[in-house]
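Take a look at the letters that make up each chain.
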Amino acid sequence: MENLEIEYKILLTEEKFKDIINQYPMHIYTQINYYFTSKELSSKKYALRIRKKEKTYEMTLKTPASIGRHEYNISLTQEEAADYLKGIWKENPITQRLIREGFSLKEIHLFSSLKTTRHDYLMTYGILSLDKNYYENKIDYELEFEINDIEKGKKQFEELLKKHHLQYNHNCPSKLKRIINAKVLTEK
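Anyway, here's the lowdown on the structure attached to this text. (Residues numbered from 1 in each chain as written. Predicted model: local features only at pLDDT ≥ 70, side-chain atom pairs only at ≥ 80, totals over all residues. Heavy atoms only, no water.)

1. Considering the pattern of salt bridges
Counted by the stated rule, this structure contains 16 salt bridges. The partner of glutamate 14 in a salt bridge is lysine 18, with the nearest N and O atoms 3.1 Å apart. In this pair, glutamate 14 and lysine 18 both sit in helix α1 (residues 14–21), four residues apart, roughly one turn of the helix. Between lysine 175 and glutamate 142 there is a salt bridge, and its shortest N-O distance comes to 2.7 Å. Linking lysine 175 in helix α6 (residues 175–187) with glutamate 142 in strand β9 (residues 138–147), this pair joins segments that are 33 residues apart in sequence. Glutamate 142 matches lysine 175 in its accessibility class, with the two residues each being buried. Ionic contacts of the salt-bridge type, sharing partners, join the residues Glu7, Lys9, Arg118, Asp131, Asp140, Glu142, Glu144, Lys175 and Arg178 into one network. (Salt bridge = Lys/Arg side-chain N within 4 Å of Asp/Glu carboxyl O. Helix = DSSP H or I, 4+ residues; strand = E, 2+ residues; numbered from the N terminus. Buried < 20%, exposed > 50% of the residue type's maximum accessible area, 1.4 Å probe, protein only.)

Now the structure itself:
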């Protein structure tokens, strides 16, 4: 499945995170993102991951777009996900796309993982997600608002910012970029 992902993201303090959670009836679940990389993926700013969400698995490829990112998703069985995590690359619509675009699957390897306790609240023009993320011996807190209508979603996000006394200039670094930065710091 292909869609255009447009979301606003900001990092929060633990206190602000808890404050916002307490104001909405949220669906809470845990997910684990397994991130893959290669020199080619990095150079083209492609993000490839497998997500375990509750008892389901999904492979996602994100690619740059003029607004937001193109996102390609396919469901996986637990066995398929385990094979990919071991570096056994099988044919599927995403791997076929990567091959068509000239990527070498042999070069793609598991880079890191990130565990998230996610709190979701469905709003009129988007989904408010509050994430507590665990990675590379770090914990951070993030607010994401993925919109389903560009103009009305942006307005609803601005209302959220005002209601919760938050500042937004641009999206915070992605989870993958935060992992990369944390790995760089620990390797110094």
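2. Considering the layout of surface pockets
Space left empty within the atom packing is revealed by a probe, the size of a water molecule, rolled over the atoms. Its boundaries defined by the atoms lining it, the largest pocket holds a volume of some 1,200 Å³. Among the elements that take part in the lining of the largest pocket, strand β3 (residues 27–37) stands out by supplying seven residues, more than any other. In terms of residue class, the lining of the largest pocket is made up of 15 nonpolar, 14 polar and 17 charged. (1 Å grid on protein atoms, 1.4 Å probe; cavity = no way out; pocket = protein on both sides within 12 Å on 5 of 7 lines; lining within 4 Å. Points joined across faces, edges and corners; volume = space filled by probe spheres on them. Nonpolar A, V, L, I, M, F, W, Y, C, P; charged D, E, K, R; others polar.)

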